[in-house]
Every structure is written in structure tokens, then in C-alpha cells.
Amino acid sequence: MKPVTPLSDDEFAQLVRRAVALPDAPPALIRAAIGQWDGAPPSLLQTATQAILNRIAAALTFDSWAAGSLAFGVRAVPSDTRHLLFTAKGRDIDIRVAPVAGHFAVTGQILGPDDSGVVEMTAAASDGMESPRAHVATLGFLGEFRLTGIQSGTYVLTLRVSGDEIVLPPIHVGERAS
Amino acid sequence: MHNLTDEDDAAIVARCRHGEGAAWEVLVRRYQRLVFAIVRRVGLDEHAAADVFQTVFARLVAHLPRISDPHRLQAWIVTTAKREALLAHKRGQRTVSMTRADDDDGEAAEWDIADDSALPEDALADLQQQNLVRQALDRLDERCRELLLMLFREDGDKLPYEDVARQLGMSVGSIGATRSRCLAKLRRLVEPAPTPR
């Protein structure tokens, strides 16, 4: 596709004029196309998706809330931010869970060969939601991602990168138990 | 508030694979103009155009699980729309010839399309660029979007600045500067952010 970067302001304005003139499809056609979703059972979509990816289970290597007591003489203030590290097939996955404005934010970074991918976070099946809403983010520069507005609960984080589907063990998102 | 329309194709495809119907609606609305423009350009009658439009989205639903690189979704849609539109056009002329049963889905037929002069690559690239700008317009804040949609209407529908100012509750004198600011905002939405290296 043609980039817009080399366009002058006048050329860009002309492009906007042509874009505004691009007609919508008739509403009935749009509604019918949206309605085609009803013929595609989500479970089939997921099954087929998983079939073409190598499914990899990640292993937890560090949990700041489960870390042992500090060495004698070392002081620390308990942090609200939970830091987790996972490893999976040559990749290290760094996750931080922090409370933000009544909800939680999950930020992370994949350290490995991938420069693009998608991160999905869904409530674990045991939370009783049949078709839970997914929180989705794409990997940014340096393999970083951020998911916000997460309610407390137990979640499964899935990373789809370079034909691999990396599934992390369930993560409990919530306040630190006192 | 989080808005699905701000998410890129890869995230929307992931949501679709997860069974989110709202994400599918975003996908349809994001590409309906592009598919419709391609179909219209081939010169199909109303019924054939409607059939092709639905066929493209039906194939997209079926193809979603097999998309290995969702960032190339637009290229897949353009190729499919072009092929289906030309095929329908040829069917109308009763000059279709089928060569082999294999396409990038591995399911449907690939057709020998003799004449695709109605859809040269340059024209398709222009349409994709226009659709990208139109998508960005949809994500622009409401005031800027309304202003640009009014100012960039086709010549026959153009509104005088006085009417634009009255409808948007702004002074005529401020339209020029606001137009420039809104175009700059739109440009930032269209252009990919530079990656620091």
C-alpha cells in the first residue's frame, strides 16, 4: 500500500477529499455481512486456530509475592506490584500486575526473537464465565504490551508469536493478601 | 473508555478467534467501504455486487482461523474481493474458465481471469490508501471529524464556511486554523509512529 509520509499538505488534503468521497456500502449489505458471524461457532474458530500453532506451556520461574524472606538486615516495603517471570522455549516473559484506579493493569515484555505478536488475557474457566471477554493487546516495540481495566480474578495469559502459542499458568490478579 | 475501533487488525482478529461478535462487526465496518469500492469498480449490477460483497465476508469468516499474519489482513481482503468481483463479472459475460481447484484457503477454486484492467494495482493501492484515511477519520475526535467531513465534501455538496461555522458553533475566522490542526491530527493517525532505533 502507498505510504502517506511523502505527501505534501496539499496532496494529503486531496487524499482526504477522495477518502471522504469513498461511499459506504448500503446498510442492508453491512448488516448482512455482520450477520454472517452467526454461522461461525466461536469454539470452531478457536479449535482451528490452536491447530496451526505450536502450543507451549510456560513455566513460572519467579514470583515476587512468593519470594522467600529477605536476608538478615535487608529492609523492604511490601509492594502492591506483583512481579512474575516465566520461561518458554527460549523466551523469557516478564509480567507486572499493579492496581490502577480500582482495577488492575498487567504490563509485560517478551524477551526473545519475536518482533510482533498478540497477547490475550481471559478469565480462567473456573471463574464460571462460559465465553469470557478477552483483553487483547499487540506487542509493541521491544516486545512490550499493556492490558488495563482488569478486574480481580484468575486469568490465563496466552501469547501468539511466530507460529507459537505460549500459554502461561493461571495468574491471580488481585490485592496482596495481608 | 476503551474502544475496539482503536485496535489494530491483529488484535481484532484475535478477538474474533475468541468468539467476540463485536470484533467481527468492527472488522466488517472497517473494510466494507474498501470491498464495496472494489466491487463497484468492476461494474457489477446491484445484485451481483451484493452477492460478491457477502461472498468476501463469508470467506473471511471461514478464513479467520487460518490467518497466520493478521497484519496482512487487508491484503487478503483486497485480493479476495478483486478475484471474486472479476469472477462474477466474467460469469456475467459467460466467459469463465476454471483452471485448478486450489487457492490460498486450500478449499475454493482459483479461476483464470483474463482481464483485470478494471482493477489495476495502482487503483487498488489508491483505494486502500483512501480506506486507511477513512478509518482514521472514524477514529478522530468528533469535532474534527465533523469539520473535515463538511469541508471535504464533493464539489456539488460543498458548504460555505458560514454554514459550517453555524453548524459547528464556531467562528468563520477560526475554521482555517482548526482545519489545519485536524488534518495534522488525522495525519498522525494514518502515519505509523516512527520506531526509535
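Since the structure is predicted, the reported quantities are computational estimates derived from the model, not experimental observations.

Moving on: the overall build of chain A. Secondary structure assignment for chain A yields three helices and 11 strands. Listed N to C, the secondary structure of chain A is α-α-α-β-β-β-β-β-β-β-β-β-β-β in terms of helices and strands. Taking all 178 residues of chain A together, the buried fraction comes to 41%. Put simply, 51% of the contacts in chain A that link residues at least 6 apart link residues at least 24 apart. When the accessible surface of chain A is summed, it comes to about 9,700 Å², and 54% of that surface belongs to carbon and sulfur atoms.

Our focus in this paragraph is the packing of aromatic side chains. Residue and element names in this part refer to chain B. Under the defined criterion, the tally for this structure stands at four aromatic pairs over all chains. Judged by centre distance (6.3 Å) and plane angle (85°), the ring pair of Trp24 and Phe57 falls under edge-to-face. Here Phe57 lies in helix H3 (residues 46–63) and Trp24 lies in helix H2 (residues 21–41), a separation of 33 residues in the sequence. The two residues Trp24 and Phe57 agree in class, both being buried. Taken together, a centroid distance of 6.4 Å and an interplanar angle of 80° make the contact between Phe36 and Phe53 edge-to-face. With a gap of 17 residues between them, Phe36 in helix H2 and Phe53 in helix H3 connect regions that are remote in the sequence. Residue classification places Phe36 among the buried residues on the basis of a relative accessible area of 10%.

Disulfides are covalent bonds that connect the sulfur atoms of two cysteines. All names here are of chain B. Evaluation of the coordinates by the stated rule reveals one disulfide over all chains. With its sulfur 2.1 Å from that of its partner, Cys144 forms a disulfide with Cys182. What sets the handedness of the Cys144 and Cys182 disulfide is the S-S torsion sign, and at about -75° it is left-handed. On the criterion of sequence distance, the pair formed by Cys144 in helix H6 (residues 142–151) and Cys182 in helix H8 (residues 175–190) is long-range, its members being 38 residues apart. For the residue pair Cys144 and Cys182, the accessibility class agrees, reading buried in each case.

Burial of nonpolar side chains together is a common tendency in soluble globular proteins. Residue and element names in this part refer to chain B. The biggest cluster of nonpolar side chains holds 45 residues, and the ones touching the most others in it are Trp24, Leu27, Phe57, Leu60 and Leu64. Among the elements that make up this core, the one with the highest residue count is H2 (12 residues). Not counting residues within four places of it along the chain, the set of residues in contact with Leu27 comprises Asp9, Ile12, Cys16, Leu60, Leu64 and Leu73.

Our next topic: the confidence of the model for chain B. Mean pLDDT for chain B: 82, with 83% of residues reaching 70 or above. ipTM for the predicted complex: 0.81, alongside a pTM of 0.65.

Okay, the interface of chain B and chain A next. Of the residues lining the interface, 60 residues belong to chain B; the matching set on chain A comes to 47 residues. Summed over both sides, the interface of chain B with chain A buries roughly 5,000 Å², with 65% coming from carbon and sulfur. At the boundary of chain B and chain A, one finds two salt bridges. The shortest N-O distance in the salt bridge between Asp24(A) and Arg33(B) comes to 2.7 Å. The tally of links from chain B across to chain A stands at 14 residue pairs in polar contact (both at pLDDT 80 or more).

Once that is clear, we can look at the pattern of salt bridges. By the definition in use, this model includes 19 salt bridges over all chains. Ionic pairing is found between Arg96(A) and Asp94(A), a salt bridge with its closest N-O pair at 3.7 Å. A single network of salt bridges, built from pairs that share partners, joins Asp9(A), Arg187(B) and Glu191(B).

In this section: the sheet that holds strand S5 (residues 103–111) of chain A. Residues and elements named next belong to chain A. Pairing in this open sheet of five strands is antiparallel, and the strands run S2-S3-S4-S5-S8 from one edge to the other. Strands with a single pairing partner mark the edges of an open sheet, and in this sheet they are strand S2 (59–63) and strand S8 (144–150). On average, adjacent strands in this sheet sit at an angle of 20° to one another, irrespective of strand direction. Examined bridge by bridge, S5 and S8 share five bridges and lie antiparallel to one another. Note on S8: the bridge partner recorded for Gly108 is Phe145.

Okay, the side chain of Gln32(B) next. If you trace the backbone, Gln32(B) turns up in helix H2. Gln32(B) sits in the buried class, given a relative accessible area of 3%. In this structure the side chain of Gln32(B) is engaged in a polar contact, spanning 2.7 Å, whose partner is the side chain of Asp24(A). Sequence-distant contacts of Gln32(B), defined by excluding residues within four places in its chain, comprise Asp24(A), Ala25(A), Ile30(A), Phe53(B) and Phe57(B).

In a pair of packed helices, the angle between the axes and the distance between the axes together describe the arrangement. At a closest axis distance of 8 Å, the pairing of helix H1 (residues 9–21) of chain A and helix H5 (residues 121–139) of chain B adopts a crossing angle of 80°. Viewed along their axes, H1(A) and H5(B) adopt a mutual orientation that is roughly perpendicular. Mapping the contact onto sequence places Leu15(A), Val16(A), Arg18(A), Ala19(A) and Val20(A) in H1(A) and Gln129(B), Gln130(B), Val133(B), Arg134(B) and Leu137(B) in H5(B). Per-class residue counts for the contact of H1(A) with H5(B) are six nonpolar, two polar and two charged.

Parameters and conventions
Residues numbered from 1 in each chain as written. Chains lettered and ligands numbered in written order. Predicted model: local features only at pLDDT ≥ 70, side-chain atom pairs only at ≥ 80, totals over all residues. Heavy atoms only, no water. Helix = DSSP H or I, 4+ residues; strand = E, 2+ residues; numbered from the N terminus. Buried < 20%, exposed > 50% of the residue type's maximum accessible area, 1.4 Å probe, protein only. Contact = heavy atoms within 4.5 Å. Areas by Shrake-Rupley, 256 points an atom, 1.4 Å probe, with all protein chains shown as cover. Phe/Tyr/Trp six-rings, centres within 6.5 Å; stacked < 30°, edge-to-face > 60°. Disulfide = S-S within 2.5 Å. Core = buried A, V, L, I, M, F, W, Y, C linked by side-chain atoms within 4.5 Å. pLDDT = per-residue confidence, 0-100. Buried area = accessible area lost by both parts, 1.4 Å probe. Salt bridge = Lys/Arg side-chain N within 4 Å of Asp/Glu carboxyl O. Polar contact = N/O pair within 3.5 Å; in protein donor to acceptor, adjacent residues only side chain to side chain. Pairing = 2+ DSSP bridges. Axes fitted to C-alpha atoms, helices over the stretch in contact; angles between N-to-C directions. Parallel < 35°, antiparallel > 145°, perpendicular 65-115°, else oblique. Nonpolar A, V, L, I, M, F, W, Y, C, P; charged D, E, K, R; others polar.

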